[in-house]
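Read off the chains here:
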Amino acid sequence: RHVEAYRKASDPRGIRSFHEAAGLARWFERRREWAICGAMYERAVDLAPDADASDALLFDHARVRRRMGDWQAAVDAWTSLSRRTGITAVRAGIELAKVAEHRDRNHEAALARVLTMRNNLEVEDQIARMTGRRKQAIPLRFLEDLDKREARLRRKLSPGKGSTA
């Protein structure tokens, strides 16, 4: 069975099933075979039956690209996902804020990202109320992450701490 997986991995374009591509991507991820894993995630995203499946795989793909050291591909995926709404946008925004804060050492940009996410959530809430649609629930852990991140960034940017742009 493993030999068959490797044979299919030699050309991911030959895989025609979303589930097979996603399963192989996860299998190669567990084996820490990042290059093959990344190619399989790309193929799975191409074959995704809907936006929700595609979004979930894009998060996985971005995580793998980050582990491979391909930060630009990861940032591109998170940027694309941040344009969605609800939980998808919040998760992607948090990842982008982490990049700005920890990798780029740009605390102003990280704080701006957090504040933009908060504003977008408020706008989504207002639209849901005005249209009578149900608002997508955001898990508490993500909202708490935003709170902690905002407080930490404000402390780092407070006078006397010095800012890093």
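Scoring rules and cut-offs
- The residue count restarts for each chain, going from 1 along the sequence in the order it is written.
- Residue-level local features of this predicted model are given only where pLDDT is at least 70; pairs of side-chain atoms are given and counted only at 80 or more, and the full residue set underlies all totals for whole chains, interfaces and linings.
- Side-chain numbers here rest on the full set of heavy atoms in the structure, without hydrogens or water.
- The term nonpolar core refers to a set of buried residues drawn from Ala, Val, Leu, Ile, Met, Phe, Trp, Tyr and Cys, joined through side-chain atoms within 4.5 Å.
- Burial status follows relative accessibility: with a 1.4 Å probe on protein chains alone, a residue under 20% of its type maximum counts as buried, one over 50% as exposed, and anything between as partly exposed.
- Only runs of H or I of at least four residues qualify as helices and only runs of E of at least two qualify as strands under DSSP, and these elements are numbered from the N terminus.
- Salt-bridge detection follows one rule: a side-chain nitrogen of Lys or Arg within 4 Å of a carboxyl oxygen of Asp or Glu.

Peer 1: Help me understand the nonpolar core, please; the structure alone is not making it clear to me.
Peer 2: In globular proteins that are soluble, nonpolar side chains generally tend to be buried together. Core analysis: the largest hydrophobic core is formed by 28 residues, its most contacted members being F18, F28, M40, Y41, A44, L57 and W78. Every element with two or more residues in this core is listed here: α2 (18-30), α3 (34-47), α4 (51-68), α5 (71-82) and α6 (86-103). Per element, the largest residue contribution to this core is seven residues, and it comes from α2. If you look at the next biggest cluster of nonpolar residues, it comprises 14 residues, including I87, I138, F142 and L146.

Peer 1: Is there a simple way to think about the pattern of salt bridges in this case?
Peer 2: Side-chain pairing between opposite charges can occur once the charged atoms of the two side chains come close. Throughout the structure, instances matching the rule amount to 17 salt bridges. One salt bridge connects R152 with E101, and the closest N-O pair in it is separated by 2.8 Å. Within this pair, whereas R152 is found in helix α8 (residues 140-157), its partner E101 is found in helix α6, the two being separated by 51 residues in sequence. With relative accessibility at 0%, the residue E101 sits in the buried group. With its nearest N and O atoms 3.0 Å apart, the salt bridge here joins E150 to R154. Remark: R154 and E150 occur in helix α8; sequence separation between them is four residues, near one turn of the helix. On the basis of relative accessible area, E150 is assigned to the buried category, the value being 15%. One connected set of salt bridges, linked through shared partners, spans R26, E29, D60, R63 and R67.

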